Amino acid sequence: MCGTPNTQSEAFTPEQQAYLDAFVASLDLQATFASPPTGEPQPVTIHGTPYEDLCKEEVAKHERHPWDFHAVMRDHVQQGKMPEGTDVFMFKHQGMFNVAPAMPGFMCRLRIPGCKMRGDQLRGLGDMARDLAGGYAHVTTRGNLQLREIPAEHLLNTLTGLASIGLTSRGSGADSVRNITASPTAGFDPLELTNLLPYAIELHHYILQSRDLHGIPRKFNISFDNGGSISCVSDTNDIAYLATEVQPNDEDVDPGVYCRVLLGGITGHKDFARDTGVVVKPEHTVDVSVAMLHVFIEHGDRTNRKKARLKYVLDKHGFDWYLDRTAEKLEDMGSDAKLIRLSPEHDAPRQPIDRRGHIGVHPQKQDGMKYIGVALPLGKLTVEQLHGLGDIAAEYGSNDIRLTVWQNLLIPDVPEDKVDDALAAIHALGIATSASSFAAGAVACTGRFGCKFASAHTKEHAGLLVEHLQQKFELDAPINIHLTGCSHSCAQHYIGDIGLLGASTADGREAYQVYLGGGSDHDQGLAQHLAGPIAADELPLLLEIVVGRYLDERVPDETFLQFTRRHTPEQLAELFLKPASELVEMA
Ligand code: SF4
C-alpha cells in the first residue's frame, strides 16, 4: 500500500523514490511518481495531481486498490459488521452497497453484460434472493439486476454465489465502468443494422480482467445501440456507439455499417452524448473504448467529485483534443482501430423506435420466432418469478433472457407454436405481458425504499400514479413517466415525457419537481420545469389535468412530446397549473 501520503516537505531520497516507482508499477496503479530531472526529489502526484490535493475517495483508492479487499470483506463477514467510512465507498467497487439507514444489509448490484443473461442464471439468482437476500430482485434502469437486504454474514457467500452461476458484481458501483448496455433485441431485431452485443460482452470481460481499468476517476457508462426497434437510451452514456448505415459519400469513407461515436452523456448534469464527427468499425469498438478510458484515467479530475465525469474532461479540452489523445493511445496499444472522421449527414436515417417494443409478443428476424416482453411493475421480481421466468426461457425459448433499461425483460426465440403456452406460463406467475400506455414507460429509481439519498418513495408513487392515470385515460401512444429520488437522477427525469424529481414541501412532506417534454434518441431533448415542489399526494390530480388537457387540446395524432414541445413553459403553466390550482381551491 502507498501508506500515509507524503507532503512536499517530506522529500524522498533517490533510493526511496526508486523503491516507490517499482512498488507502484507492481501495483499497476498508474500513479505518477515524478522522476527527478536534476536528481532533486519531486512531489508525489497521481496523474499530475499532487497527492495532498486528492479528494478522500482518490486517497482511499490509491492506498488500497479496489480489488484488494477480500481480506477486509472476510473480516466483516466474521464479525458480522457492515463497512463504515471510506470502506462504504470501497466496497461498492465489489458491487456491495451498505445502504443504511435506508434499509438494513447490503444491496448487491450485478453486472449483466450487454443486458443478456441465461434462464438458468435467473433461476440461480432466485435461489440467492431466497437464501441470502430479501426474497426479491429488481431490474434497474441500466438493464441490470439488484439484490437487497443481504446480511453482513452473507457478503462473501453472495460474491461466490454469483461466480458459481457465471455472474459477478465487480465494478458495478463507485468509480468503475458500470454495466455495459446494449440493445435488448441484439441479434434478433428485424430492424437492427448489426449485432453489437459481442463487442459489449468482450469489452465487459476486457475491463473485468484489467486491474488498471478499475478505480478510475469516476463512474463511466458505455452503451451499444444496434439501430433497431428498442431504445437503450444510448445518448445518456459517457460513450455511445450507435450503429449507422454510411451512404456513398465524398469523404472517402467506404459505404457500410459503422458505429457513430457519441461522447459525454450525463443527463443529471443536463448533457446528452454528442456526436464526435467520428465513426469506427464495429470490431474496433473494444479497442477504442479502452483507449478512451485510458485518456479519461490520465485526465479526469481527482480533486472534485462533482467535476470528475468525462463530460468535464471534454468541456475543458474539447472533443478534438480527446479524439487525438485516443488515437495516440490506440497507436501505443498497437491497435489497428481507426477513428474515421465523417460528417453525420452521410448516415442513413435511424429506424423508428417502437416505444412498446419491450412489452408483448413481437416478431424476430428469424423466421417463425417471436420474443415476449414481460411487464414487471417497476422492475420487481419475486423468488417464484425469478425461478419461473428462468424456467420459461429455458423451456419455451433458447434459455436466453434480455433485460431492458425500461426495467423489464424479454424472452426471445420462442417458436410461434409455443407462444400461447409460454404466455400462459408467464401469466400463471402473476406477470402481465401487456401494459397500459402509462405502465409501459414508467421507470423509477430505488427511492426511499432503499436509498439514503432519496427524498421520496419513488417506486410506490410511480405505482400509484400509473394506477390513477390508467383508470382515467386510454391512450393511443405511451407517455413515459420517470421518477427519480434525488439529483443523481438514476431514473433520468430529464428524458421523461413527464419527469419527476424527488423534493419535499416546506412542511416536510414528500414531493416532486415536475418536468415535461424530455426525450432521448430521435426525441432527444431535456424536459422543462413546470412546477414544484408538488406534494406526492397532489400529483395524481395534477397529472390527470396535464394528460386530460393534452388530450383535449392536441391536434390529431399529436404525441404528448410534440404537444409539450410546441408550447413554451409559460403556456404549459397556463394550460396545466391554472386549472389545477382552481381544482385544489374548489376541494
Ligand atoms: Fe438513490 Fe438518488 Fe439514485 Fe434514486 S436517483 S437511486 S434516490 S441516488
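For clarity, every value in this text was computed on a predicted model and none was experimentally measured. (Residues numbered from 1 in each chain as written. Predicted model: local features only at pLDDT ≥ 70, side-chain atom pairs only at ≥ 80, totals over all residues. Heavy atoms only, no water.)

Turning our attention to the overall build of the protein chain. Broken down by element type, the protein chain carries 16 helices and 24 strands. For the protein chain, whose C-alpha radius of gyration is 25 Å, the value lies close to the compact-globule estimate of 25 Å for 587 residues. Taking the principal axes of the C-alpha coordinates as reference, the protein chain spans close to 80 × 65 × 55 Å. In the protein chain, which comprises 587 residues, the share counted as buried stands at 58%. Long-range pairs, those at least 24 residues apart, make up 67% of the contacts in the protein chain between residues at least 6 apart in sequence. (Helix = DSSP H or I, 4+ residues; strand = E, 2+ residues; numbered from the N terminus. Rg over C-alpha atoms; globule rule 2.2 N^0.38 Å. Buried < 20%, exposed > 50% of the residue type's maximum accessible area, 1.4 Å probe, protein only. Contact = heavy atoms within 4.5 Å.)

This next bit is on the sheet that holds strand β12 (residues 256-263). Read from one edge of the open sheet, six strands run β9-β10-β11-β12-β13-β14, paired in mixed fashion. Here the strands that pair on one side only, and so sit at the sheet edges, are β9 (181-182) and β14 (340-341). Relative to strand β13 (residues 274-280), β12 runs antiparallel, the two being bridged by four bridges. Counterpart to leucine 262 in the pairing with β13 is aspartate 275. Against the sheet, helix α8 (residues 285-299) engages β10 (222-225), β11 (239-246), β12 and β13, with an angle of about 145° to β11. Contacting β12, β13 and β14, helix α10 (residues 319-333) runs over the sheet at an angle of about 30° to β13. (Pairing = 2+ DSSP bridges. Axes fitted to C-alpha atoms, helices over the stretch in contact; angles between N-to-C directions.)

Around the ligand, a shell composed of Cys445, Thr446, Cys451, Phe453, Ala454, Thr484, Gly485, Cys486, His488, Ser489 and Cys490 is seen. The class makeup of the residues in the shell around the ligand is six nonpolar, five polar and no charged. (Near = heavy atom within 4 Å. Nonpolar A, V, L, I, M, F, W, Y, C, P; charged D, E, K, R; others polar.)

Along the chain, glutamine 492 falls in the loop between β21 (481-484) and β22 (498-504). Note on glutamine 492: relative accessible area 15%, which makes it buried. Residue contacts for glutamine 492: discarding those within four places in its chain leaves Val233, Thr236, Thr267, His482 and Thr484.

Here we take up helix α9 (residues 310-317). Here α9 has its buried residues at Leu310, Lys311, Tyr312, Val313 and Leu314. The inward-facing, buried residues of α9 contact β12, α8 and α10. Looking one or two residues past α9, glycine 318 carries a phi angle of roughly 90°, positive in sign.

Using the criterion set out here, one finds nine aromatic pairs in the structure. Relative to tyrosine 241, the ring of phenylalanine 224 lies with its centre 5.0 Å away and its plane at 35°, an arrangement referred to as tilted. Highlighted residues: phenylalanine 224 in strand β10 and tyrosine 241 in strand β11, separated in sequence by 17 residues. Here tyrosine 241 falls in the buried class, since its relative accessible area comes to 0%. The rings of Phe69, Phe91 and Phe106 are connected pair by pair, giving a single aromatic cluster. A cation over an aromatic ring shows up here: lysine 380 above the ring of tyrosine 136, its NZ or CZ 4.9 Å from the ring centre. (Phe/Tyr/Trp six-rings, centres within 6.5 Å; stacked < 30°, edge-to-face > 60°. Lys NZ or Arg CZ within 6 Å of the ring centre and 35° of its normal.)

In this model, helix α7 (residues 197-208) (12 residues) spans 17 Å end to end at C-alpha, consistent with the 16 Å of a helix rising 1.5 Å per residue. Along α7, the positions that sit buried rather than exposed are Leu197, Ala200, Leu203, His204, Ile207 and Leu208. In a view along the axis of α7, the buried residues occupy a sector of 135°, so they form one face of it. Residues of α7 that are buried in the fold lie against β6 (116-118), β9, β10, α8 and β18 (400-403). (Expected span 1.5 Å × (residues − 1). Arc of directions from axis to C-beta.)

This part is about the pattern of salt bridges. Applying the stated criterion across every chain yields a total of 34 salt bridges. A salt bridge links lysine 311 to aspartate 315; its shortest N-O distance comes to 3.0 Å. One end of the pair, lysine 311, and the other, aspartate 315, are both in helix α9, four residues apart, so they sit about a helical turn from each other. Judged by relative accessible area, which is 43%, aspartate 315 ranks as partly exposed. Within the structure, one salt-bridge network assembled from shared partners comprises Lys56, Glu57, Glu58, Lys61, Asp175, Arg302 and Arg305. (Salt bridge = Lys/Arg side-chain N within 4 Å of Asp/Glu carboxyl O.)

Next up on the list: the side chain of histidine 362. You can see histidine 362 is positioned in strand β15 (residues 360-363). Accessibility expressed as a relative area gives 15% for histidine 362, which makes it buried. Here the side chain of histidine 362 touches arginine 356 through a polar contact of 3.4 Å, landing on its backbone oxygen. (Polar contact = N/O pair within 3.5 Å; in protein donor to acceptor, adjacent residues only side chain to side chain.)

This part takes up the pairing of β21. A two-sided burial pattern is seen for β21, the buried positions comprising Ile481 and Leu483 on one face and His482 and Thr484 on the other. Examined bridge by bridge, strand β20 (residues 442-444) and β21 share three bridges and lie parallel to one another. Across the sheet, alanine 444 pairs through a bridge with leucine 483, a residue of β21. As a crossover connection, the stretch from β20 through helix α13 (residues 458-472) into β21 is left-handed. Here four bridges tie β21 to β22, and the two strands are oriented parallel to one another. Pairing of histidine 482 across the sheet is with glycine 499, part of β22. (Right-handed = clockwise from strand over helix to strand, strands pointing away.)

The subject of this paragraph is the confidence of the model for the protein chain. Low pLDDT marks regions whose predicted coordinates should not be analysed in detail. Put simply, the protein chain has an average pLDDT of 92, and 92% of its residues get 70 or more. Counting contacts from residues 19-37, a segment whose pLDDT is below 50, to residues more than four positions away or on other chains yields 36 contacts. (pLDDT = per-residue confidence, 0-100.)

The next point concerns the nonpolar core. Leu145, Leu389 and Leu409 are the most contacted members of the largest nonpolar core, which has 55 residues in total. Top element by residues in this core is helix α11 (residues 383-396). It accounts for six residues. The next biggest cluster of nonpolar side chains, apart from the first, holds 41 residues, and it includes Ile222, Ala243, Met292 and Leu339. (Core = buried A, V, L, I, M, F, W, Y, C linked by side-chain atoms within 4.5 Å.)

Attention now goes to the pairing of β11. Of all eight residues that make up β11, six are buried, and the element is covered over most of its length. Of the strand pairs in this sheet, β10 and β11 are connected by four bridges, and their pairing is parallel. Each bridged residue has a counterpart across the sheet, and for isoleucine 222 the counterpart in β11 is isoleucine 239. Pairing geometry for β11 and β12, over eight bridges, is antiparallel. By the bridge assignment for β12, alanine 240 is matched with leucine 262.

Spatial ordering of the open sheet is given by β6-β18-β19-β16-β15, a layout of five strands whose pairing is antiparallel. Taken across any chain shown, the strands that pair with only one partner, and hence form the sheet edges, are β6 and β15. Across the sheet, the mean angle from the axis of one strand to that of its neighbour is 30°, orientation sign disregarded. Here strand β16 (residues 369-374) runs beside strand β19 (residues 409-415); their pairing, made up of five bridges, is antiparallel. If you follow valine 374 over to β19, its bridge partner there is leucine 409. Relative to the sheet, α11 contacts β16, β18 and β19, its axis offset from that of β19 by approximately 25°.

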